[in-house]
Each structure stands twice: as structure tokens, then as C-alpha cells.
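These are the residues of each chain, in order.
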Amino acid sequence: MTIATINPTSGKAEVILEPHTPEEVAARIEEAHRAAEILRTTSFAQRAEWMRRAASFLDAHADGLGELITVEMGKPIAQSVAEVAKCAKAMRFYADHAEEFLADAPLADPAAVGAGSAWTRYEPLGVILAVMPWNYPLWQVIRFAAPALMAGNAGVLKHASNVPQCAMALDALFEDAGFPAGSLRTLLIGGSEVAPVIADPRIAAVTLTGSEPAGRSVAALAGQHIKKAVLELGGSDPFIVLASADVTEAARTAVRARINNNGQSCIAAKRFIVHTDVYDEFAREFTRLMAGLTVGDPLDAATEVGPLATESGRTELAELVEDAREKGASILTGGSAPDLDGWFYLPTVIADLPDDARLIQEEAFGPVASLYRARDDEDALRLANQTGFGLSSAVWTTDAEEEARFIAGIDAGAVFVNGMTVSYQELPFGGIKRSGFGRELAAVGQREFCNLKTVWKA
């Protein structure tokens, strides 16, 4: 197993780290366990002070951390710096609101249960294992860690093996800000070594963001050991453009929704379902804009699409495109790797997909968009729901009845109307079907890893 920074722009190894031994893993879990015992007894005010200090550290080092993200996984530098800023914002959000979100809730009529008073309270569970992906190497971790630590939990992090420097930066972040030593501990281990960590009695629960196979494995292990799990898995999000939509604005937004993070996002729009009345107009403008994107070095501020994070990721994406091409789909632009070092793939638009194309049911993790012509609104809704995923969605319409029908009818964890899906700390985030279960962010995300305790008093 290799734990290394392999620069996706060049394909060359920048840093190689030694994995933690089983003894080191056990010691790090014990550090987190001890930190959890301390954190559960600290006040919200104290945790908030530490959390704000950690956020200020991110602000002060945003440029350097942004460059580290780009070197490790390849997203354009402006997006990397923005990711750091988003993390700091979420940390302050939970510093400001955790006490409110987890406040005791008294029963309005305790006499109804024969009590003098009754209430519920939220208490931390202990040490939470987070298994996190490389595509948002800071944000994916912070959106778990900020609410978890503010609730009084500690965490251990098994990060993706290709972003180890980001993982180790997170290992130091909270301790440097004043949190007890071990409040978040990184485990430099491979996926095959996650099972004994979940089994460890000091681990209270697990959260995973990643692939469907990884989710199945972690869910099975968590169930075997009767531990709470939250899973955020893949997505094949529909971006629906109805006849009443502002087609020009929809096409412009669709490009950003598809190529943000080089197209490597679970909540990226992937299937573009367009009413036949506006299909040709949308397809023409969307293809033009996708073809005009600047592909190149992600450290160059002018670059709009950088490389895919891994060589295997590019291979898998290319195989999906070739499968569609061989089965008769139309490649409107792109469809190949450019003549560049590293793991680049051209922004691609595919239309006329046959029913047996793998792209119909599989997630395309990269700058590849699939176009679908819908006969009418009902056909658009059918196409939106034909996938096994159900993470998020977008619908473009100026008709109130259409809006209501699609908000109610789309099988997904979220619907964005006349916009693109974005994760906000103020809103719950998560999916249904093969996209996982549980929620992150907002108040409900913080409560996922708390014990809701009922108190009855005579």
C-alpha cells in the first residue's frame, strides 16, 4: 500500500509517507479516546473559543493550504483556496450555533407522562471514525469534525491515501488551536485496515463519504458491531431544464455544475435532462461553453479544468465514454485525453445514449456530461428517477405548478430550483437509495453523533 502525494498534473511522486503500524494506530485511537473524555466535560464556550481559533488559522494559511490541496488532487487553485475559506466559515457556524442546536428540550406537558418535569438532552457519543475521500480533502473532514468536536466528541480520520499531507495538516489543526491532544487523530492506513478500527470498542460510530462499495463494506461492519453510521455515497444528479426555463442561464450554470472540482464531486450535475422544446438550444449553448473551457495546470489562475486526481480515475472515466461511443452515443465535444502530462481529460458532452450504456446507471467522476431529450415533463421526471442514486438534483422552470411537481416528484435528498447544488452548513446534506443514509451539516448533522437522552423526573 502506498500513502503518497502523487501530483496529478505531472504524475510524479512528491511525498511518500510510511503507513502507521498497528501499534501506532492503537496509540492514536487511545489519544482520541482520552481527548473525548476531556471534551465531554468542557463547556460549549470553551470549545467555541478553540474552534474559532482553528478557523482563524485556516484563514491565515489559506493560500498555502490551497496550494497543497491542488498539488495533491489537482483542482484549480481558486477552488482550493475557496475550499479552505468554506471550512473556516463552517467552523465558525458551529462555534456560534452548537449550544443552540444541542440545547435541552423540555416537554411542554410533563403531567401527560406522570412527571413533574421531563426533557431531552443531547450528549456526545465518544470517538467517531471518519473515512473520507480525496475530492474535497479539507471540507469533507471539517464538515464532520466541526460539529462533532463542538458536540464534545473526538475523531479519528482515515483519509484517502493520495492526500496524506492534507490529512496530517488536519491532524495538527485542532490541537494547535487549543483542543485537547488527540481531539482529531489521523490514521495513515489503507482501506483493508479499516475493519479492526471499526471493531475497536473505543470507536463509538463511523461516518463515510466515498464510493458505493466502500459504503456497503463500512455499513456492514458498523452493523456487525452495532455502531451508528452515516454514509454519503455516489450520485448521478439530474439537472432538469423544462420548457419555461431561462435556457441561456441554465446552460451557463450547467457548465459550472458539471466541471466544478474537475467534475469530481458526488453532487455535481451529471445527467442533463432537457425538454424537447428547448433541447436543441440548450445542447448547442452547453456544448459550446464546455468546448471553450481552459484545460491545464491547476496552479495557473486561468485554468478552469485541471487533471483528474488519479490515473485510475481517468481510466475508469475513459472506459465509460468508450462504452457509450461503441454503443452508438454521439460525442458532441471532448471524448478523449489531451496531449498533456498528468491525468487530464477533456470536458465532454455525450448525447443519444442507448439504454444499455453504462453511463445510464454508473457515476461519471470527471468532466463528462450526459444529455437526455425528454418528450414532456413526465418523461423528464421518469428520466430523473431512473438511476439508483438519489443524492441531489436541480430543476429549471419559471412555472409554479412545474416547480411544485418536480420538488415533490424527484427522488433525492435535495432539490435546487433554478440553481446548482451546493452544500451549505445551514442546510442538511445527504441522500437516499444508493446514495447513502443519514445527514451531515445543519443542526440534524450535528445531532447524528449524539445520544438523545430522555430524562423523566417525578
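That block above? That's the structure.
Note that this is a predicted model, so its numbers are computed, not measured.

A. Representation of the pairing of strand 9 (residues 228-232). For strand 9, a buried count of four out of five residues is recorded, marking the element as mostly surrounded by other parts of the structure. Sheet analysis places strand 8 (residues 203-209) next to strand 9, joined by five bridges and oriented parallel. Within the sheet, the bridge partner assigned to T209 lies in strand 9 and is E232. One crossover worth recording links strand 8 to the parallel strand 9 by way of helix 8 (residues 212-224), and it is right-handed. Of the strand pairs in this sheet, strand 9 and strand 19 (residues 436-437) are connected by two bridges, and their pairing is antiparallel. Pairing of E232 across the sheet is with G436, part of strand 19.

B. Layout of the sheet that holds strand 17 (residues 416-417). The strand order across the open sheet formed by seven strands is 12-13-14-11-10-16-17, and the pairing between neighbours is mixed. The strands lining the two open edges of the sheet, one partner per strand, are strand 12 (330-333) and strand 17. One ladder, built from two bridges, connects strand 16 (residues 394-396) with strand 17; its direction is parallel. In the strand pairing of strand 17, V395 is matched with V417.

C. Highlighting the packing of aromatic side chains. Taken as a whole and assessed by the stated rule, the structure comprises 10 aromatic pairs. Relative to F179, the ring of W50 has its centre 5.2 Å away and its plane inclined at 55°; by these criteria the two rings are tilted. In this pair, W50 is assigned in helix 2 (residues 44-60) and F179 in the loop between helix 6 (164-176) and strand 7 (184-186), connecting sequence segments 129 residues apart. Among the residues examined, W50 registers a relative accessible area of 12% and is labelled buried. Relative accessible area serves as the criterion here: at 3%, F179 is assigned to the buried category. For the pair F174 and F179, a centre-to-centre distance of 5.6 Å together with 90° between the ring planes defines the contact as edge-to-face. For the pair F174 and F179, a shared accessibility class is recorded, and that class is buried.

D. Focus on the environment of K270. Structurally, K270 can be placed in strand 11 (residues 269-275). Sequence-wise, K270 and A369 are 99 residues apart; in three dimensions their C-alpha atoms are separated by 5.4 Å. Excluding its chain neighbours within four sequence positions, the residues that come into contact with K270 are G235, S236, D237, R258, S265, E363, A364, V368, A369 and S370. A polar contact is formed between the side chain of K270 and the backbone oxygen of G235, at a distance of 3.3 Å.

E. Highlighting the layout of surface pockets. Of the volumes computed, that of the largest pocket is approximately 1100 Å³. In terms of lining, the largest pocket is formed by 41 residues, of which the most central are W134, G210, S211, E212 and A214. Size it by volume and the second largest pocket reaches roughly 420 Å³. For the second largest pocket, the lining is made up of 24 residues, of which K86, Y136, N260, V422 and S423 are closest to its centre. Elements that contribute at least two residues to the lining of the second largest pocket include exactly helix 4 (77-101) and helix 5 (139-150). Examining the composition of the lining of the second largest pocket, we find that four residues originate from one element, helix 4, more than from any other. In the lining of the second largest pocket, the residues fall into 11 nonpolar, eight polar and five charged.

F. Fine view of the packing of helix 12 (residues 377-384) against helix 13 (residues 400-409). With their axes 11 Å apart at the nearest point, helix 12 and helix 13 run at an angle of 25° to one another. On the basis of the axis angle, helix 12 is roughly parallel to helix 13. Relative to helix 13, helix 12 is oriented so that their crossing is right-handed. The segment helix 12 lies against helix 13, with D377, E378, A380 and L381 engaging E402, R405, F406 and G409. Residues belonging to the contact of helix 12 with helix 13 are distributed by class as follows: three nonpolar, one polar and four charged.

G. Looking closely at the nonpolar core. By size, the foremost hydrophobic cluster in this structure holds 84 residues, and its most contacted members are M51, M91, L129 and F174. No other element matches helix 4, which puts 10 residues into this core. Excluding anything up to four places from it in sequence, F174 contacts M51, A54, M91, I142, A145, L149, F179 and L184. By size, the runner-up hydrophobic cluster in this structure holds 29 residues, among which are A250, Y279, V349 and A394.

Definitions and cut-offs
Residues numbered from 1 in each chain as written. Predicted model: local features only at pLDDT ≥ 70, side-chain atom pairs only at ≥ 80, totals over all residues. Heavy atoms only, no water. Buried < 20%, exposed > 50% of the residue type's maximum accessible area, 1.4 Å probe, protein only. Helix = DSSP H or I, 4+ residues; strand = E, 2+ residues; numbered from the N terminus. Pairing = 2+ DSSP bridges. Right-handed = clockwise from strand over helix to strand, strands pointing away. Phe/Tyr/Trp six-rings, centres within 6.5 Å; stacked < 30°, edge-to-face > 60°. Contact = heavy atoms within 4.5 Å. Polar contact = N/O pair within 3.5 Å; in protein donor to acceptor, adjacent residues only side chain to side chain. 1 Å grid on protein atoms, 1.4 Å probe; cavity = no way out; pocket = protein on both sides within 12 Å on 5 of 7 lines; lining within 4 Å. Points joined across faces, edges and corners; volume = space filled by probe spheres on them. Nonpolar A, V, L, I, M, F, W, Y, C, P; charged D, E, K, R; others polar. Axes fitted to C-alpha atoms, helices over the stretch in contact; angles between N-to-C directions. Parallel < 35°, antiparallel > 145°, perpendicular 65-115°, else oblique. Left-handed = near helix turned anticlockwise from the far one by under 90°. Core = buried A, V, L, I, M, F, W, Y, C linked by side-chain atoms within 4.5 Å.

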